[in-house]
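# Topology and contacts: notes
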Amino acid sequence: MKKWLLLLALFSPSVARAELVTPQFTQGSMNSTTTTVQEIVEDITITKYGSVLNTWDGNNITHTSASSGGIVDSDSIFTIHTVGDPFTLEVTTRAATQVLETQVIEREIDTTSTTVSLSVFSQ
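Analysis parameters
- Residues numbered from 1 in each chain as written.
- Predicted model: local features only at pLDDT ≥ 70, side-chain atom pairs only at ≥ 80, totals over all residues.
- Heavy atoms only, no water.
- Helix = DSSP H or I, 4+ residues; strand = E, 2+ residues; numbered from the N terminus.
- Buried < 20%, exposed > 50% of the residue type's maximum accessible area, 1.4 Å probe, protein only.
- Contact = heavy atoms within 4.5 Å.
- Areas by Shrake-Rupley, 256 points an atom, 1.4 Å probe, with all protein chains shown as cover.
- Salt bridge = Lys/Arg side-chain N within 4 Å of Asp/Glu carboxyl O.
- Polar contact = N/O pair within 3.5 Å; in protein donor to acceptor, adjacent residues only side chain to side chain.
- Phe/Tyr/Trp six-rings, centres within 6.5 Å; stacked < 30°, edge-to-face > 60°.
- Patch = residues over 30% accessible without salt bridge, like charges linked within 9 Å, V, L, I, M, F, W, Y side chains within 5 Å.

### Details of the overall build of the protein
Along the protein, the regular secondary structure elements total one helix and six strands. For the protein, the sequential pattern of α-helices and β-strands runs α-β-β-β-β-β-β. The 123 residues of the protein split such that 5% are buried. When contacts within the protein are restricted to residue pairs at least 6 apart in sequence, those whose partners lie at least 24 apart make up 72%. Summed over all atoms, the accessible surface of the protein reaches about 10800 Å², with 56% contributed by carbon and sulfur.

### So, the pattern of salt bridges
Side-chain pairing between opposite charges can occur once the charged atoms of the two side chains come close. Applying the stated criterion across every chain, the model contains two salt bridges. The salt bridge involving Glu101 is made with Lys48; its shortest N-O contact spans 3.7 Å. In this pair, Glu101 is assigned in strand 6 (residues 99–122) and Lys48 in strand 1 (residues 27–49), connecting sequence segments 53 residues apart. Assessed through its relative accessible area of 36%, Glu101 is described here as partly exposed. Lys48 gets classed as partly exposed once you look at its relative accessible area, which sits at 43%.

### Comments concerning the side chain of Asn60
Secondary-structure assignment places Asn60 in the loop between strand 2 (53–59) and strand 3 (61–64). Reaching out from Asn60, the side chain makes a polar contact with the backbone nitrogen of Thr82 at a distance of 2.8 Å. Setting aside chain neighbours within four positions, we find Asn60 in contact with Thr79, Ile80, His81, Thr82, Asp85, Pro86 and Phe87.

### A closer look at the environment of Ile44
Tracing the chain through its elements places Ile44 in strand 1. In this structure Ile44 comes out as partly exposed when scored by relative accessible area, which is 30%. Once the C-alpha coordinates of Ile44 and Arg107 are considered, the two residues, 63 residues apart in sequence, prove to be 8.5 Å apart. Non-local contacts of Ile44, meaning those with residues more than four positions away in its chain, are made with Gln103, Val104, Ile105 and Arg107.

### Some points on the packing of aromatic side chains
Taken as a whole, this structure holds one aromatic pair when the rule is applied. Note on Trp56 and Phe78: the rings are 5.5 Å apart at their centroids and 70° apart in plane angle, and the pair reads as edge-to-face. Of this pair, Trp56 sits in strand 2 while Phe78 sits in strand 4 (residues 77–80), placing them 22 residues apart in sequence. You can call Phe78 partly exposed: its relative accessible area is 28%.

### Structural notes on the environment of Thr93
Its location among the elements puts Thr93 in strand 5 (residues 88–94). Sequence separation between Thr93 and Thr55 is 38 residues; the distance between their C-alpha atoms is 6.6 Å. Beyond its immediate chain neighbours, meaning those up to four positions away, Thr93 contacts Leu53, Asn54 and Val72.

### Looking at unusual backbone geometry
The phi dihedral of Asn60 is positive, around 65°, even though this residue is not glycine. Exposure remark for Asn60: the relative accessible area of 19% places this residue in the buried category.

### So, a nonpolar patch on the surface
A contiguous nonpolar surface patch, about 300 Å² in accessible area, is contributed by Phe25, Met30 and Phe121. You can see Phe121 is positioned in strand 6. Judged by its relative accessible area of 39%, Phe121 is partly exposed.

This is the structure in structure tokens:
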């Protein structure tokens, strides 16, 4: 009786068996082609800020100031050097955070790459 149970257990459908598989080919090859498409969109904004600027330029002009603060001090005085002669005076002042220039760059970069590979094998 034990023999029948053992024999029945070996040949029952719920038992998994592995079989040895021997390939029937001797050589072969495989081609593969991969294509990649990439799109990059960039928006670049460049903002240039100026530093504090206080300058003056002129002809036949003299500048005096009791303090060392320069031309923006309240005690800054511009006088004509030679009265009666022509004169020019140009005063330039600028705050530190003033925007000098803004540049906007918009660009799009499209790339396509293709990779082709060949594999050759033999047994």
